[in-house]
Amino acid sequence: MNFELKPLSLVGVSSEKCDALVVLVTDAFKAGKDDLSLLIAQAIREKDLETKPGKLLALYRPVQAHAQRVVLAGAGEGHAKQVRTALTAALASLKGVSIKKVVVSFAAAAREDGVRAAVQSVADATYTYTTTKSKPEGRTVQKVLVAAANASEVRASFERAVGIVGGVELAKEWANRPANHATPSLIAKAAQELAKLPKVSCTVLGPKEVSKLGMGSFMAVAQGSEEPLRFIVLRYDGAAKSQAPTVLVGKGITFDSGGISIKPAPEMDEMKFDMSGAASVLGVFKALAHLKPGINVVGLIPSCENLLSGRAVKPGDVVTSMNGQTIEILNTDAEGRLVLCDALTYAERFKPRAVVDIATLTGACMVALGGVRSGLFASSDDLGAALFAAGEASQDLCWRLPLDDDYAEGLKTGFADVANVAGRAGGAITAAKFLQRFAGKFPWAHLDIAGTAWKSGAAKGATGRPVGLLVEYLLTQSTHS
Ligand code: BES
Ligand code: MN
Ligand code: ZN
């Protein structure tokens, strides 16, 4: 899909040939002398159109425009959320119509966040997964023209959004793939593919190297599966070597059966999405290669399956993590923290300015925050505030949860330095407290995306979150350094 931004007012837009034209009509709309804007003004006057987001008025081949179909869409004050509501409704109303070229026009001056939301909403609304269909019916939209009279003011936001969309779509693709089409080895291949992009490089470690590093915790999760584990190291070098990198760590469990502590059958298929953290890291690297900020970023992906077999790790087993801490695995379904803790130890070698892990870690986080906001935990208030702000700016929201030491009480055991689970209460927080034990040497944050990485039910599918949040955060760092 190709995005373009043009400095066009409604006069210019009306002569654009396209299959569909969506005009975002905000409160600030003032009719000019052209036919299209006079038509809009009339529709508002006669109460056939409101500027309330979600309100639509559909037209077919109106003489006022060269478009086959025109949808006038109320967009309130034109900020991100309102533009998203407007475009989601407008594009839904066009469902079933084969559209190759769509024009999205801001009838009044466009806001930066509005333009970003426009690009992301069109991408979201037209995305279709096809990889494992025998007769793929992909997205029909090939060209998206965004038109705003003040295009020059919003061009930077537009470019940023286009870069993010590329990353979001890569994340969706990998998260959506079923586990037999997204094994640890295939994820590693995808990462190596990214290394063909400018400034990106990739190294992949297998079972031998990981064993040499002493990642006993990660290996314990992988040992129940026939699929060999992979530890993926991605680098984006956009600044001098002397500049400390930000490290992103993505949970890459390609299927989480729960292991011997097996999960119930209903919805177990959704545990193919348990590598959404890893997929988001791949997506971020794609976006970085496109946007080329002057920063250094490292991506770490510990990837394996969590299965049951005669070799699988058992409840009560004690393993030794890479930093020497012993862990009693009381529940084999709390495997995410077991693969992440060794990756966090590995992150130390980069002397990072910050480490952010991204994981579909706990059902408890989904219960706490639902599908709207990801859970955010941070050992540093500055880092926590920066990630929270990036979430607001990108509309890829998160919410900070506490890390009081009292929450770690339940992780105590007489058989190892730490247990991998505490009680049911505060499950998202106790998981974060476990991780924090391995993140003492750098500012650290943890995003629990269990509720936000995918949608269940009829619209089942990956969301590509939190690529938008992460890219926004990283770009902000590049302007500060
Ligand atoms: N991948 C799951 C978390 C999850 C569950 C995400 C459902 C989204 C939907 C994770 O590995 C897990 O199984 N966590 C357990 C932890 C528990 C055993 C302490 C959970 O949340 O039940
Ligand atoms: Mn699990
Ligand atoms: Zn899991």
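Anyway, here's the lowdown on the structure attached to this text.

The rules behind these values
Residues numbered from 1 in each chain as written. Chains lettered and ligands numbered in written order. Predicted model: local features only at pLDDT ≥ 70, side-chain atom pairs only at ≥ 80, totals over all residues. Heavy atoms only, no water. Helix = DSSP H or I, 4+ residues; strand = E, 2+ residues; numbered from the N terminus. Rg over C-alpha atoms; globule rule 2.2 N^0.38 Å. Buried < 20%, exposed > 50% of the residue type's maximum accessible area, 1.4 Å probe, protein only. Contact = heavy atoms within 4.5 Å. Areas by Shrake-Rupley, 256 points an atom, 1.4 Å probe, with all protein chains shown as cover. Lys, Arg positive; Asp, Glu negative; His and termini not counted. Charge placed at Lys NZ, Arg CZ, Asp CG, Glu CD. Donors = N, O, S within 2.8 Å, 3.2 Å for Na, K, Ca; no water. Tetrahedral: all angles 85-135°; square planar, octahedral: opposite > 155°, others 65-115°. Pairing = 2+ DSSP bridges. Patch = residues over 30% accessible without salt bridge, like charges linked within 9 Å, V, L, I, M, F, W, Y side chains within 5 Å. Salt bridge = Lys/Arg side-chain N within 4 Å of Asp/Glu carboxyl O. Core = buried A, V, L, I, M, F, W, Y, C linked by side-chain atoms within 4.5 Å. Phe/Tyr/Trp six-rings, centres within 6.5 Å; stacked < 30°, edge-to-face > 60°.

**Quick word on the overall build of the protein**
Within the protein, the regular secondary structure consists of 14 helices and 20 strands. Its C-alpha atoms give the protein a radius of gyration of 24 Å, within 12% of the compact-globule value 23 Å for 481 residues. Going through the 481 residues of the protein one by one, you find that 57% of them count as buried. Here the contacts in the protein between residues at least 6 apart in sequence split such that 77% fall between residues at least 24 apart. Carbon together with sulfur atoms contributes 52% to the accessible area of the protein, which is approximately 19,600 Å² in total. If the 54 positive side-chain charges of the protein are averaged to one point and the 47 negative ones to another, these points end up 5 Å apart.

**Focus on the coordination of the zinc ion (ligand 3)**
Around the zinc ion (ligand 3), the donor atoms from the protein are Lys251 (NZ), Asp256 (OD), Asp274 (OD) and Glu335 (OE), and they sit 2.0 to 2.4 Å away. Because the angles between the six donor atoms bound to the zinc ion (ligand 3) fall within 79 to 174 degrees, the donor set is best described as octahedral. Counting residues between consecutive donors of the zinc ion (ligand 3) along the chain gives the motif K-x4-D-x17-D-x60-E. A gap of 3.2 Å separates the zinc ion (ligand 3) and the manganese ion (ligand 2), which Asp256 links by coordinating each metal. When its relative accessible area of 2% is taken as the criterion, Lys251 is described as buried. By relative accessible area, Asp256 is classed as buried at 3%.

**Considerations on the pairing of strand E9 (residues 246–250)**
Within E9, five of the five residues are buried, leaving the element largely enclosed by the surrounding structure. Side chains Thr246, Leu248 and Gly250 of E9 all project onto a buried face; the interleaved residues Val247 and Val249 project onto the opposite face, where all are buried too. Here E9 pairs with strand E14 (residues 354–359) via five bridges, running parallel. Residue Leu248 lies in a different strand from E14, and its bridge partner there is Val356. As defined by bridge partners, E9 adjoins strand E11 (residues 296–306) across four bridges and the pair is classed as parallel.

**A short note on the coordination of the manganese ion (ligand 2)**
Around the manganese ion (ligand 2), the protein supplies Asp256 (OD), Asp333 (O), Asp333 (OD) and Glu335 (OE) as donor atoms, at distances of 2.0 to 2.2 Å. Seen from the manganese ion (ligand 2), its six donor atoms lie at angles of 72 to 167 degrees, and the figure they make is irregular. Site description for the manganese ion (ligand 2): donor spacing in sequence, D-x76-D-x1-E.

**As for the sheet that holds strand E12 (residues 317–320)**
Taken in spatial order, the three strands make up an open sheet running E12-E13-E17, and their pairing is mixed. Each edge of the open sheet is held by one strand with a lone partner, namely E12 and strand E17 (418–419). In terms of strand pairing, E12 meets strand E13 (residues 326–329) through four bridges, oriented antiparallel. In the strand pairing of E13, Asp317 is matched with Ile329.

**A short note on a nonpolar patch on the surface**
A cluster of nonpolar side chains, Ile260, Ile262 and Leu308, forms an exposed patch at the surface whose accessible area comes to about 250 Å². Under the relative-accessibility criterion, Ile262 is labelled partly exposed at 48%.

**Focus: the nonpolar core**
Taken as a class, soluble globular proteins show a tendency for nonpolar side chains to be buried jointly. In this structure, Trp174, Leu234, Leu248, Leu282 and Leu447 are the most contacted members of the largest nonpolar core, which totals 58 residues. Ranked by residues supplied to this core, first place goes to helix H9 (residues 276–291) with nine residues. When residues no more than four places from it in sequence are discounted, the contact partners of Leu234 are Ala191, Leu194, Val200, Ser201, Cys202, Val281, Leu282, Phe285, Val297, Val298 and Gly299. Formed by 49 residues, the second largest nonpolar core is a distinct cluster that contains Ala220, Phe231, Met322 and Val339.

**What about the packing of aromatic side chains?**
Aromatic ring pairs: the centre-centre distance and the angle between the two ring planes describe each pair. For the structure shown, the criterion picks out six aromatic pairs. Ring centres 5.0 Å apart and planes at 20 degrees place the aromatic pair Phe273 and Trp454 in the stacked group. Linking Phe273 in the loop between strand E10 (252–256) and H9 with Trp454 in strand E19 (residues 454–455), this pair joins segments that are 181 residues apart in sequence. Note on Trp454: relative accessible area 9%, which makes it buried.

**Looking at the pattern of salt bridges**
Should their charged atoms come close, side chains of opposite charge can pair. If you walk through the whole model with that rule in mind, you get 26 salt bridges. Between Asp124 and Lys172 there is a salt bridge; the shortest N-O distance is 2.6 Å. Placement of Asp124 in helix H4 (residues 112–126) and of Lys172 in helix H5 (residues 151–176) is noted, with a sequence separation of 48 residues between them. Exposure remark for Asp124: the relative accessible area of 30% places this residue in the partly exposed category. One continuous salt-bridge network, built from bridges that share partners, spans Lys6, Glu16 and Lys101.

Purely geometric numbers; function is a separate question.
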